[in-house]
Amino acid sequence: MRALLITLFIIGLVTLSTQTFRHIYVKWLEPRSSVLDKYEEKIEKDIKKSQDLDELLVLYDKAHGKVTVYEKDAKNPYIPDKERHNKEPYKSEYKLKNSIRNWESYSRDIFRLRFFWVCGFLSIVIGSLAYVKFDRWIGIVGLIAGFSEMIYWTCPFNFSYTNYEFERLLTNKLIFSLIAWLLLICLWLFATKFVGKKRNAV
């Protein structure tokens, strides 16, 4: 039993440590600027400056309005669907639509992260109580399930697009990963000092 607990503790601590370091690097150290930034189009700069979804929707409404006006004028040449992402007025609308979808995707990720992390935390609490009061194996199952949820939902992710909502997701992952790391250490110290003494006394 002790060998299993030590093995699980080491695996969990190493995993949480490495991914926490990864989050810190991406959030504060990883270079994101490029020498090509000065050649960005206005719409790309406006997208990066957007602080919430409402700002993107305002930009999208304007871009969509230009598309509507363009299509109502029969004199304007027809642009095939496969070329629209490279030609105005469709180009700006296309970029804004993708930005909004990315934003919404990150928002859903934040909700899932918080929900499943809380589920993991509750599983750890129940598992800890079961380990101390009822059955050690049931407790271990609860602890493994809880930390597995925390580790999975706070794991690093690849990204190709950054905006304010992405930063919020990254911050959430970093905070929850760090809390899980501290929680694992505290549980280990508690188990070795108090639970161990209790079992030796019996």
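It should be noted that the structure appears before, not after, this text.
In this report, the structure presented in the accompanying data block is examined. Within any chain, residue numbers begin from 1 and follow the written order of that chain's sequence. A pLDDT threshold of at least 70 governs which residues receive local features in this predicted model, and a stricter bar of 80 or more applies before side-chain atom pairs are shown or counted, although totals over entire chains, interfaces and linings include all residues. As a rule here, side-chain values cover all heavy atoms of the structure and leave hydrogens and water aside.

**Observations concerning the nonpolar core**
- The criterion is simple. A nonpolar core is a set of buried Ala, Val, Leu, Ile, Met, Phe, Trp, Tyr and Cys residues joined through side-chain atoms within 4.5 Å. Partly exposed residues are those whose accessible area sits between 20% and 50% of the maximum for their type, while under 20% is buried and over 50% is exposed, using a 1.4 Å probe and protein chains only. Judged by nonpolar contacts, the single largest core of 20 residues is most densely connected at Ile124, Phe147, Met150, Phe166 and Leu169.
- Numbering goes from the N terminus for both helices and strands, where a helix is a DSSP run of H or I of at least four residues and a strand is a run of E of at least two. When residues of this core are traced back to their parent elements, those giving at least two are helix 1 (2-29), helix 4 (90-133), helix 5 (136-153) and helix 6 (164-201).
- By residue number, the principal contributor to this core is helix 6, which donates 7 residues.
- Note on definitions: a residue-residue contact is assigned when non-hydrogen atoms from the two residues lie within 4.5 Å. The contact partners of Leu169, leaving out residues within four places of it in the chain, are Tyr106, Asp109, Ile110, Leu113 and Phe157.
- Core analysis: the next-biggest nonpolar cluster, separate from the first, contains 9 residues, Ile47, Leu59, Ala63 and Ile100 among them.

**Examining the packing of helix 1 against helix 5**
- Structural elements are reduced to axes, namely lines fitted to C-alpha atoms, with helices fitted over the stretch in contact, and the angle between N-to-C directions of any two is expressed from 0 to 180 degrees. Two elements in contact, helix 1 and helix 5, have axes whose closest approach is 11 Å; the angle formed by their N-to-C orientations is 10°. Put simply, helix 1 runs roughly parallel to helix 5. Between helix 1 and helix 5 lies a crossing of left-handed hand. Here helix 1 contributes Leu4, Leu5, Leu8, Gly12, Thr15, Leu16 and Gln19 to the contact with helix 5, which in turn contributes Trp137, Ile140, Ile144 and Ile151.
- Here the contact of helix 1 with helix 5 is built from residues that sort into 8 nonpolar, 3 polar and no charged. An angle below 35 degrees is treated as roughly parallel, one above 145 as roughly antiparallel, one from 65 to 115 as roughly perpendicular, and anything else as oblique. Handedness of a helix crossing follows the sense of rotation of the near helix relative to the far helix, less than a right angle counterclockwise being left-handed and clockwise being right-handed. The classification used treats Ala, Val, Leu, Ile, Met, Phe, Trp, Tyr, Cys and Pro as nonpolar, Asp, Glu, Lys and Arg as charged, and all other residues, Gly among them, as polar.

**Side note on the pattern of salt bridges**
- Any carboxyl oxygen of Asp or Glu that lies within 4 Å of a side-chain nitrogen of Lys or Arg is treated as forming a salt bridge with it. Evaluation of the coordinates by the stated rule reveals 10 salt bridges.
- Here Lys95 makes a salt bridge to Glu41, at a shortest N to O gap of 3.5 Å. With Lys95 in helix 4 and Glu41 in the loop between helix 1 and helix 2 (42-49), this residue pair connects regions lying 54 residues apart in the sequence.
- Note on Glu41: relative accessible area 30%, which makes it partly exposed.
- Here Glu165 and Arg168 are joined by a salt bridge, their closest N and O atoms 2.7 Å apart. Remark: Arg168 and Glu165 occur in helix 6; sequence separation between them is 3 residues, near one turn of the helix.
- Residue Glu165 is classed as buried on the basis of its relative accessible area of 4%.

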